[in-house]
Amino acid sequence: MELEAVLKRIAMIEKYEEEIRVAKEMLKGELENSAEFLQVTEEVKEVQNKKKQVKDAVLSSEPNQKLIADIKSNADEITTLREILSAELVQVFKEDDTDEIQDASGAKRKFKVSIRLMPKKNSGNYNQES
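Since we're looking at a predicted model, the values are computed, not measured.

**Points about helix α3 (residues 62-96)**
Part 1 of the argument: With 35 residues, α3 extends 50 Å from end C-alpha to end C-alpha; this agrees with the ideal 51 Å at 1.5 Å per step.
Part 2 of the argument: A positive phi of about 50° marks D97, the residue just after α3.

**Notes on unusual backbone geometry**
Part 1 of the argument: Not every positive phi belongs to a glycine, and D97 is a case in point at roughly 50°.
Part 2 of the argument: Mapped onto the elements of the fold, D97 is located in the loop between α3 and β1 (100-102).

**With respect to the pattern of salt bridges**
Part 1 of the argument: As enumerated under the stated definition, the model contains 11 salt bridges in all.
Part 2 of the argument: Residue K120 pairs with E14 through a salt bridge whose shortest N-O separation is 3.6 Å. One end of the pair, K120, is in the segment after β2 (108-110); the other, E14, is in helix α1 (residues 3-32), with 106 residues separating them in the sequence.
Part 3 of the argument: Relative accessible area serves as the criterion here: at 62%, K120 is assigned to the exposed category.
Part 4 of the argument: For E14, a relative accessible area of 32% puts it in the partly exposed group.
Part 5 of the argument: Residue D76 is joined to K72 by a salt bridge in which the shortest nitrogen-to-oxygen separation is 3.2 Å. Of this pair, D76 and K72 both sit in helix α3, four residues apart, roughly one helical turn.
Part 6 of the argument: With a relative accessible area of 52%, K72 lands in the exposed category.
Part 7 of the argument: Here the salt bridges do not stand alone but share partners, grouping E18, R21 and E25 into one network.

**Details of the environment of V90**
Part 1 of the argument: Relative to the assigned elements, V90 resides in helix α3.
Part 2 of the argument: Separated by 46 residues in the primary sequence, V90 and V44 place their C-alpha atoms 46 Å from one another.

**Some remarks on a nonpolar patch on the surface**
Part 1 of the argument: There is a patch of nonpolar side chains on the surface, built from V54, V58, L59 and I68 and spanning about 310 Å² of accessible area.
Part 2 of the argument: For the nonpolar patch, the element with the highest residue contribution is helix α2 (residues 35-59), accounting for three residues.
Part 3 of the argument: Secondary-structure assignment places L59 in helix α2.

**Some thoughts on the environment of D99**
Part 1 of the argument: Structurally, the position occupied by D99 is in the loop between α3 and β1.
Part 2 of the argument: For D99, a relative accessible area of 30% puts it in the partly exposed group.
Part 3 of the argument: Between the C-alpha atoms of D99 and K110, which are 11 residues apart in sequence, the distance is 5.6 Å.
Part 4 of the argument: With residues near it in sequence (within four places) discarded, D99 still touches F93, R109, K110 and F111.
Part 5 of the argument: Polar side-chain contacts of D99 include one of 3.1 Å to the side chain of K110.

Rules used in this analysis
- Residues numbered from 1 in each chain as written.
- Predicted model: local features only at pLDDT ≥ 70, side-chain atom pairs only at ≥ 80, totals over all residues.
- Heavy atoms only, no water.
- Helix = DSSP H or I, 4+ residues; strand = E, 2+ residues; numbered from the N terminus.
- Expected span 1.5 Å × (residues − 1).
- Salt bridge = Lys/Arg side-chain N within 4 Å of Asp/Glu carboxyl O.
- Buried < 20%, exposed > 50% of the residue type's maximum accessible area, 1.4 Å probe, protein only.
- Patch = residues over 30% accessible without salt bridge, like charges linked within 9 Å, V, L, I, M, F, W, Y side chains within 5 Å.
- Areas by Shrake-Rupley, 256 points an atom, 1.4 Å probe, with all protein chains shown as cover.
- Contact = heavy atoms within 4.5 Å.
- Polar contact = N/O pair within 3.5 Å; in protein donor to acceptor, adjacent residues only side chain to side chain.

Right under this line is the structure:
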């Protein structure tokens, strides 16, 4: 694979992303110029505020606060475990050249290694040394 093809594809993606951004801004402008849309938006805000007040009242009880804390704790633990698992699976992929493992029950499980191109930084160069 030639670098030229990669650079061409990146340029095409960036061009389409810019076209999408411009089109979304135009649509947003159209919505902001619609009196009916603005009126309905205000009505929705009022209903959403009422919904939030009722929700906050329900969730403020002590049993519900405990459930919320448990959910947050478990979610944090899952995030940590997933980060560790991801590093371990990359290691398995590098060492064993496979995208499959066997789980505790003996079932084969496939995994996917994913690569993403990071967005451009506005200032500086990625290759600068500190």
